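Coordinate analysis (summary)
What follows is each chain in one-letter form.
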Amino acid sequence: MSGNNTPPEPGPPASGAVDWARMYGELWRIRLFEGHVQRLAAAGEVPGFPHLSTGQEAVAVGVCAHLTREDTLFTGHRGHGHTLAKGGDLRATFAEILGRESGLCRGRGGSMHLVDARNGMLGATGVVGGNLPLAAGAAWAAQVRRTTHISAAFFGDGATGAGVFHETLNLAALWRLPLLLVCENNGYAEFTSRASTRTSPM
């Protein structure tokens, strides 16, 4: 895989100014990465079924540009872009998806279970909404320790129908947790369109 393997330092610039050029470069880095994963998956060279987030790169980059390395991040089954945007090493992330020993989790996690604790990326899960209470727990830990760090969780619109989504919102509000919930509404809950789940009024 060609291109720059050096991940950007996570977090906003010291000046507080937005580095648009860096963010644009990161958008392309993620898009090219996932395009390569898609081609290898189509050729049968990727174990399992990788879930891509093509077209959603700006959400990952925009949010992670404002997180520090110490802020924690949790994601779902479309977590490649989030991992890279949080500062994950491109080659190690790619090796993990391919099940290689040089991967982030020594090839044992694969595409849907990426973890990069060094950068505060504490887990991706294939369980829809399963990352939300984990993120709330990390936020609670930051609060108890009296740090200034936050916890962020990415999830799709399909997760809003899970009970754990509402439970996490309730607990986060009651305890005033430093928790950022980011819903990536792509209009589909896996293969079910949002339009097909609307009910007509009684």
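Figured I'd write up the structure that's included with this text.

Cut-offs used in this document
- The written sequence of each chain sets the order in which its residues are numbered from 1.
- pLDDT decides what is reported in this predicted model: residues at 70 or higher carry local features, side-chain atom pairs at 80 or more are listed and counted, and totals for whole chains, interfaces and linings draw on all residues regardless.
- The basis for every side-chain value is the complete set of non-hydrogen atoms in the structure, without hydrogens or water.
- Labels follow the DSSP assignment, with helices taken as runs of H or I lasting at least four residues and strands as runs of E lasting at least two, numbered in each case from the N terminus.
- One bridge is not enough; two strands pair if DSSP finds at least two bridges between them.
- Every crossover in which the path from the first strand over the helix to the second runs clockwise, viewed with the strands pointing away from the viewer, is termed right-handed.
- The rule for a salt bridge is simple: a side-chain nitrogen of Lys or Arg has to be within 4 Å of a carboxyl oxygen of Asp or Glu.
- Think of it in three bands: residues with accessible area under 20% of the maximum for their type are buried, residues over 50% are exposed, and the middle band is partly exposed, with areas taken using a 1.4 Å probe on protein chains only.

**Brief notes about the environment of Leu169**
Position of Leu169 relative to the elements: it lies in helix H6 (residues 163-175). When the C-alpha atoms of Leu169 and Ala136 are compared, they prove to be 8.9 Å apart, with 33 residues separating the residues in sequence.

**What about the pairing of strand S4 (residues 179-184)?**
Relative to S4, strand S3 (residues 151-156) is paired through six bridges, and the arrangement is parallel. Note on S4: the bridge partner recorded for Ala152 is Leu180. In this fold, S3 hands off to H6, which returns the chain to S4; that crossover is right-handed.

**Comments concerning the pattern of salt bridges**
Counted under the stated rule, the structure contains four salt bridges. Put simply, Glu26 and Arg29 hold a salt bridge, and the shortest N to O gap is 3.1 Å. Of this pair, Glu26 and Arg29 are both found in helix H1 (residues 20-42), three residues apart, which corresponds to roughly one turn of the helix. Neither residue differs from the other here; Glu26 and Arg29 are each classed as buried. Residue Glu57 pairs with Arg31 through a salt bridge whose shortest N-O separation is 2.5 Å. Separated by 26 residues along the polypeptide, Glu57 in helix H2 (residues 57-64) and Arg31 in helix H1 bring together distant segments of the chain. Within this structure, Glu101, Arg106 and Arg108 form a network of salt bridges that share partners.

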